[in-house]
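Chain residues, written in single-letter form:
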Amino acid sequence: MTSSPDLLALAVDIACEAGELAHRRRSEGVAIAATKSALADIVTEADREVENLIRERLRAERPDDGFLGEESGPERGSSEFTWVVDPIDGTVNYAYGIPAYAVSVAVVAGEPDPRTWEARAGAVYAPAIGELFTAARGHGAHLAGVPLHVNDEIGPAGALMATGFGYDPDTHAQDLARLGRAMPLARDIRRIGAASLDLAYVAAGRLDAYFERGLQPWDHAAAGLVVAEAGGRIGGFAGAPAGRTMTIAASSELFDRIERAIEH
Ligand code: IPD
Ligand code: CA
């Protein structure tokens, strides 16, 4: 069972079960368990419980595959595959009761290195909104069975653009300066608070573009494939893959314009 559609079927099954657990826990009330890299960077009991569920299911069903999860870290496997998981992307939204949060499950092939691995399948499930974004390499991107396409045509008012800010206060000034340089290309800006949904919305044409510095592999592994399979371009500066230095997602033409605007 190693074809991209088969892997996607498992990713979907697990993301949906995990999403329902997150949603149920949210309705019972949220407890912040700890802060991580900065005071604003929180983890809830639900993040940990949901990641455990995903990890245990994968251990049972794909014991040879590797695992990389935001909350419990990496574990190398003996097969060519690694599962890259964010149990709750948009944790601050989750903690505040904003429904824009998602479970993100990707399976990638190759060395467990985000600079070189190849995403094969990805599922991003937003349980409080009831939306499931999926992609399997070579088989397109879908929302509820409907194929997704990025927007190729940007009107004269400019692009509807999303961005985000890392948790480290020291990075905010540079991020805001970049946003200022992108503004002339934008009709308006959104800060949704969940990178996986920002990317999925670019794939769905709900946003024209998204860019953010500081993303971790689990933030973009699944939804990055959704963008690419929807005909979009996702990457960093100067041909680098998407990652911590920069992630831009848009149509190819708009990608170039955003990169030129924010690069320096
Ligand atoms: C965060 C969200 C947020 C983005 C941060 C991410 P988390 O993920 O995706 O939108 O701005 O860079 O770390 O902490 O909610 O899983
Ligand atoms: Ca998370």
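Above: the structure in question.
Each chain has its residues counted from 1, following the order in which its sequence is written. Here chains are named by letter from A upward and ligands by number from 1 upward, in the order in which they appear as written. In keeping with the model being predicted, local features are shown solely for residues with a pLDDT of at least 70 and side-chain atom pairs are shown and tallied solely at 80 or more, while totals for entire chains, interfaces and linings include all residues. Hydrogen atoms and water are omitted, and side-chain values are computed over all heavy atoms in the structure.

### So, the packing of helix 5 (residues 195–203) against helix 6 (residues 217–229)
So, step 1. Comment: axis = line fitted to C-alpha atoms, over the contacting stretch for helices; angle = value between 0 and 180 degrees taken between N-to-C directions. Note on conventions: DSSP H or I runs of at least 4 residues are helices, E runs of at least 2 residues are strands, and numbering of each starts at the N terminus. Where helix 5 meets helix 6, the axes come as close as 8 Å, and the angle between the chain directions of the two elements is 5 degrees. If you check the angle between helix 5 and helix 6, you find them roughly parallel. Contacts from Ala 195, Ser 196, Leu 199, Ala 200 and Ala 203 in helix 5 reach Asp 219, His 220, Ala 223, Gly 224, Val 226 and Val 227 in helix 6. Throughout this description, any angle smaller than 35 degrees is read as roughly parallel, any larger than 145 degrees as roughly antiparallel, any in the 65 to 115 degree range as roughly perpendicular, and the remainder as oblique. In what follows, residue pairs with any heavy atoms lying within 4.5 Å of each other are defined as contacts.

### Thoughts on the layout of surface pockets
Unoccupied space between atoms shows up once a probe the size of one water molecule is rolled over them.
So, step 1. Of the volumes computed, that of the largest pocket is approximately 770 Å³.
So, step 2. As for the largest pocket, its lining consists of 35 residues, and the residues nearest its centre are Asp 41, Gly 166, Tyr 167, Gly 214 and Asp 219.
So, step 3. Both domains that furnish three or more residues to the lining of the largest pocket are identified here as domain 1 (4–147) and domain 2 (159–262).
So, step 4. In this analysis a 1.4 Å probe is tested at points of a 1 Å grid over the protein atoms alone, and where it fits but cannot get out there is a cavity; an open set with protein on both sides within 12 Å along at least five of seven lines is a pocket; lining residues have an atom within 4 Å of a point. Around the second largest pocket, the lining is made up of 15 residues, and of these Trp 117, His 220, Ile 234, Pro 241 and Ala 242 lie nearest the centre.
So, step 5. Broken down by secondary-structure element, the contributors of at least two residues to the lining of the second largest pocket are strand 7 (118–126), helix 6 and strand 14 (233–235).
So, step 6. When residues of the lining of the second largest pocket are assigned to their parent elements, the largest contribution, five residues, is made by helix 6.
So, step 7. Residues of the lining of the second largest pocket, tallied by class, amount to nine nonpolar, three polar and three charged.
So, step 8. Residue contributions to the lining of the second largest pocket reach at least three from each of two domains, namely domain 1 (4–147) and domain 2 (159–262). Grid points are joined across faces, edges and corners, and a volume is the space filled by probe spheres set on the points. Delimitation of the domains relies on an automatic or database domain assignment. Classification used: nonpolar for Ala, Val, Leu, Ile, Met, Phe, Trp, Tyr, Cys and Pro, charged for Asp, Glu, Lys and Arg, polar for all others including Gly.

### Quick notes on the packing of aromatic side chains
So, step 1. Each pair of aromatic rings taken from Phe, Tyr and Trp, with Trp reduced to its six-membered ring, is defined by centres within 6.5 Å and is described as stacked if the planes are under 30 degrees apart, edge-to-face if over 60, and tilted in the remaining cases. Counted by the stated rule, this structure contains two aromatic pairs.
So, step 2. Each ring, one from Tyr 94 and one from Tyr 101, has its centre 4.7 Å from the other, and the planes form 80 degrees; the classification is edge-to-face.
So, step 3. When a residue's accessible area, from a 1.4 Å probe over protein chains only, is under 20% of the maximum for its type it is buried; when over 50% it is exposed; and in between it is partly exposed. Residue Tyr 94 is classed as buried on the basis of its relative accessible area, which comes to 0%.
So, step 4. Seen from their ring centres, Phe 133 and Tyr 201 are 6.0 Å apart, and the 55 degrees between their planes marks the pair as tilted. With Phe 133 in strand 8 (residues 131–136) and Tyr 201 in helix 5, the pair connects residues that are 68 residues apart, well separated along the chain. Accessibility assignment for this pair places Phe 133 and Tyr 201 in one class, buried.
So, step 5. For a lysine, the NZ atom is tested; for an arginine, the CZ atom; a charge sits over a ring if that atom is within 6 Å of the ring centre and within 35 degrees of the ring normal. Across the ring face of Tyr 201, the terminal group of Arg 206 is positioned such that the distance to the ring centre comes to 4.9 Å.
So, step 6. Just above the ring of Phe 255 sits the side chain of Arg 233; from NZ or CZ to the centre is 3.9 Å.

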